[in-house]
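# Breakdown of the fold
Here is how the chains run, residue by residue.
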Amino acid sequence: MKKVITILSFLLIFSAFCFAEKKIYVKTKSADLMKKATTLSTTVTKVSYGAELIVLETDGEWNFVQLSGKPDIKGWIKDSRTTTRKLTARTSANAKEIALSGRGFNEEVENLYSNSENGNYKAVDEIESVQTDKENLKKFIKDGNLNGGDK
C-alpha cells in the first residue's frame, strides 16, 4: 500500500510540474504580439515593459503567448523581446533606462560607449527612432529581392 501511495504522490507532483505555466516578461519598452510568427505579420496588440505573458507554444525563436489575466489576448512574440526573469518597475526608471536595459546596457556601459572615440550613440538613437509601417517594409523587401528573415 505504501508503494501505491508513493507512486501516486510522485505522479501527482510530476504532472503538476509538467503542466505548470511557463511565464515570460517583456523586457523592451514595448513589443508587438503578432498574429503569426513573423515580424511582418499583423499586430494583435502592443504590450509594455514588464508585461507577464503565459507561453502556450514555442516555435524556434518565437513564443505563442497569452497576456496574463486576459485569456482572449494571444499572439506570437520573439524570444529577444522577453526574459524569464520577473521584472519590476522602479519608480525612478525612465524611458531611456528601460530602453537601455532592453539592449542589455546600463548607464555605465552607455557612458563608456558614448564617450569613446568611435561611439556615436546619438546615431543609434536616431536609427532606432525611424519607424515604418509593415506594408512599406514588405514592399521594400519585395522590391529589393530580399529575404524577409522570418518564416
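Before reading on, note that the structure itself is shown above.
In what follows, the accompanying structure is described.

### Examining the side chain of S41
- By the element assignment, S41 lies in the loop between β2 (30–34) and β3 (43–48).
- Judged by its relative accessible area of 8%, S41 falls in the buried class.
- A polar contact of 3.5 Å, which involves the side chain of S41, links it to the backbone nitrogen of K35.
- Setting aside residues no more than four positions away along its own chain, S41 makes contact with M34, K35, K36 and K134.

### Quick notes on a nonpolar patch on the surface
- Judged by side-chain polarity, L137, F140 and L146 come together as a nonpolar surface patch covering roughly 280 Å² of accessible area.
- Turning to its location among the elements, L146 is positioned in the segment after α5 (134–143).

### Observations regarding the environment of E21
- Considering the arrangement of structural elements, one finds E21 in the loop between α1 (2–18) and β1 (22–26).
- Since its relative accessible area comes to 53%, E21 is described here as exposed.
- Separated by 33 residues in the primary sequence, E21 and I54 have C-alpha atoms spaced 6.5 Å apart.

### Some points on the pairing of strand β4 (residues 52–59)
- Strand direction decides the pairing type here: β1 and β4, joined by 4 bridges, are antiparallel. Bridge pairing in β4 links I24 to L53.
- Relative to strand β5 (residues 62–67), β4 is paired through 6 bridges, and the arrangement is antiparallel. Residue pairing across strands places V55 opposite V65, the latter belonging to β5.
- Between β4 and β5, which pair antiparallel in sequence order, lie 2 residues; one of them, G60, sits at a positive phi of approximately 65°.

### Details of the nonpolar core
- Within the largest apolar cluster, 11 residues are counted, these being I24, V26, A31, L33, V47, A51, L53, V55, V65, L67 and I77.
- For this core, the secondary-structure elements that each account for two or more residues are β1, β2, β4 and β5.
- Apart from residues lying up to four places away in sequence, L67 is in contact with V47, A51, E52, L53 and I73.

### Some remarks on the packing of aromatic side chains
- For the coordinates displayed, the defined rule picks out 1 aromatic pair.
- Ring geometry for F64 versus W76: centroids 5.2 Å apart, planes at 50°, classification tilted. Of the two residues, F64 is situated in strand β5 and W76 in strand β6 (residues 70–78); the sequence distance between them amounts to 12 residues.

Parameters and conventions
- Residues numbered from 1 in each chain as written.
- Predicted model: local features only at pLDDT ≥ 70, side-chain atom pairs only at ≥ 80, totals over all residues.
- Heavy atoms only, no water.
- Helix = DSSP H or I, 4+ residues; strand = E, 2+ residues; numbered from the N terminus.
- Buried < 20%, exposed > 50% of the residue type's maximum accessible area, 1.4 Å probe, protein only.
- Polar contact = N/O pair within 3.5 Å; in protein donor to acceptor, adjacent residues only side chain to side chain.
- Contact = heavy atoms within 4.5 Å.
- Patch = residues over 30% accessible without salt bridge, like charges linked within 9 Å, V, L, I, M, F, W, Y side chains within 5 Å.
- Areas by Shrake-Rupley, 256 points an atom, 1.4 Å probe, with all protein chains shown as cover.
- Salt bridge = Lys/Arg side-chain N within 4 Å of Asp/Glu carboxyl O.
- Pairing = 2+ DSSP bridges.
- Core = buried A, V, L, I, M, F, W, Y, C linked by side-chain atoms within 4.5 Å.
- Phe/Tyr/Trp six-rings, centres within 6.5 Å; stacked < 30°, edge-to-face > 60°.

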